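Survey of secondary and tertiary structure
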Amino acid sequence: MSDLAGIKFSIKTTFLVKAMAVYMAFGLLERENQRARRRERVFRDRTNPLDLWTDQQMYAKYRFSRLACINIIDMLQDELEHRTRRNHALPPSLQVFIALRFFGHGSVTDDSGAEPHGVSIPTACRAVRRVTKALCRRQNQFIKFPTTPEEVQQKQRDFMAIQGFPRVVGAIDGTHIRLTNVALGPTEYVYVNRKGFYSINVQLVCDAKYRILNVVARWPGSTHDSRILQESRLGHAFRDGQLQGILLGDSGYALKPWLMTPFLIPQTPAEQAYNSAHRTTRALIEHLNGQLKNKFLCLGGTGPRVRTAEKVCDIITACCVLFNISKDDHIQEPYNHIPDDDNPAPEAAADDDVHGTAVRNDIVRNFFTQV
């Protein structure tokens, strides 16, 4: 009996061991299946805005007409195309639409950038960055200062037609783009402007048709407008005689032979007439600053919600490129002559240049004395 009991016990033990092994195998297989299910990527349904929206809706959502969007996509196609289609890589068209939505509405953390296009927020942020860098590389293509005699004379005729101010090729001013939740490091104090908020001080020059001729977007908010011009390539080119004509600036700039500022205290009717023409003509750059921030809301309000000042500067430049592209869109903008409320009042610049004073007096004598 003892041998039979031993055999029965051995059989039961073997059965139990095998059953436990099978149970553990099934348990391991189920856990592996669960991990595989967790690793499985779920791709959202992505829609093509060109197939989804009407022309009016396209402009409201992306600030550009359907044709202009197509042209921008074609222009950036090669740079934005991924090498492979692995992991459902975003096509160039969707990257452009995500970026335009961000530029026009200011965020990818809500329905402005990610959700309407069926992508995650990190994916939308990467798309915005790629499009921004691609547009910045085209700055010299779309933002150009007049250099040939024909170009210079045309700009001067356009400005002269406004209120008779001669020889003007551009109006210059600085505008401040706010920095919010941007990591600025130990030198963050230099980004505080005269109004007390963090910003980038952006130099802009425009022509009489509201086209940007020059943009410098890299200086912190505490930097004086006059210093930005002095250190810029534009300022060096005028001082070296490489550029012709004159710029119009407010009293925050120092008077130069190539940069006319108003009389702080006009003494004669001719000087008053000069100031009036100067104010009306130079107002174009103030209007442009307001238009730029109204078209691309990421530049207004609290500014672009990105992590570094470098990325903010790139976004500013990209928006300026798009602004000039929009001038060829032939669509009447729903705004005009909007004041730039974020721009601090001009602070007095350095002493006026002697040669600049002589040029200004000559302009007053030859063009405004009879007025």
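Residues numbered from 1 in each chain as written. Predicted model: local features only at pLDDT ≥ 70, side-chain atom pairs only at ≥ 80, totals over all residues. Heavy atoms only, no water.

Per an unreviewed UniProt entry, the chain goes by Putative nuclease HARBI1 and derives from Holothuria leucospilota. Under the UniProt heading Sequence similarities (unreviewed entry), the entry covering the chain gives this text: "Belongs to the HARBI1 family." The UniProt entry for the chain carries this comment under Cofactor (unreviewed entry): "a divalent metal cation". (UniProt positions renumbered as here; feature names shortened; annotations may be inferred.)

Counted at 1.5 Å a residue, the expected span for helix H6 (residues 121-136) with its 16 residues is 22 Å, and the 22 Å between its end C-alpha atoms agrees. Restricting attention to buried positions, one finds in H6 the residues Thr-123, Ala-124, Ala-127, Val-128, Val-131, Thr-132, Ala-134, Leu-135 and Cys-136. Against the buried residues of H6 lie helix H4 (66-80), helix H5 (92-105), helix H7 (139-142) and helix H12 (309-326). (Helix = DSSP H or I, 4+ residues; strand = E, 2+ residues; numbered from the N terminus. Expected span 1.5 Å × (residues − 1). Buried < 20%, exposed > 50% of the residue type's maximum accessible area, 1.4 Å probe, protein only. Contact = heavy atoms within 4.5 Å.)

The next subject is the packing of H5 against H6. Contact pair H5 / H6: the axes reach a minimum separation of 8 Å and the direction vectors enclose 90 degrees. By the angle class used here, H5 and H6 are roughly perpendicular. When H5 is examined against H6, the residues Gln-95, Val-96, Ile-98, Ala-99, Phe-102 and Phe-103 are found in contact with a partner set consisting of Ala-124, Ala-127, Val-128, Arg-130, Val-131, Thr-132 and Leu-135. The residue inventory of the contact of H5 with H6, partitioned by class, reads ten nonpolar, two polar and one charged. (Axes fitted to C-alpha atoms, helices over the stretch in contact; angles between N-to-C directions. Parallel < 35°, antiparallel > 145°, perpendicular 65-115°, else oblique. Nonpolar A, V, L, I, M, F, W, Y, C, P; charged D, E, K, R; others polar.)

With that out of the way, let us pick up the packing of aromatic side chains. With the rule as written, the count across this model stands at nine aromatic pairs. Through a chain of ring-to-ring contacts, the aromatic side chains of Phe-165, Phe-263, Tyr-274 and Phe-368 assemble into a single cluster. Sitting over the ring of Phe-197, Arg-178 keeps its end group 3.8 Å from the ring centre. One Lys or Arg, Arg-360, reaches over the ring of Phe-263 and ends 4.0 Å from the middle of that ring. (Phe/Tyr/Trp six-rings, centres within 6.5 Å; stacked < 30°, edge-to-face > 60°. Lys NZ or Arg CZ within 6 Å of the ring centre and 35° of its normal.)

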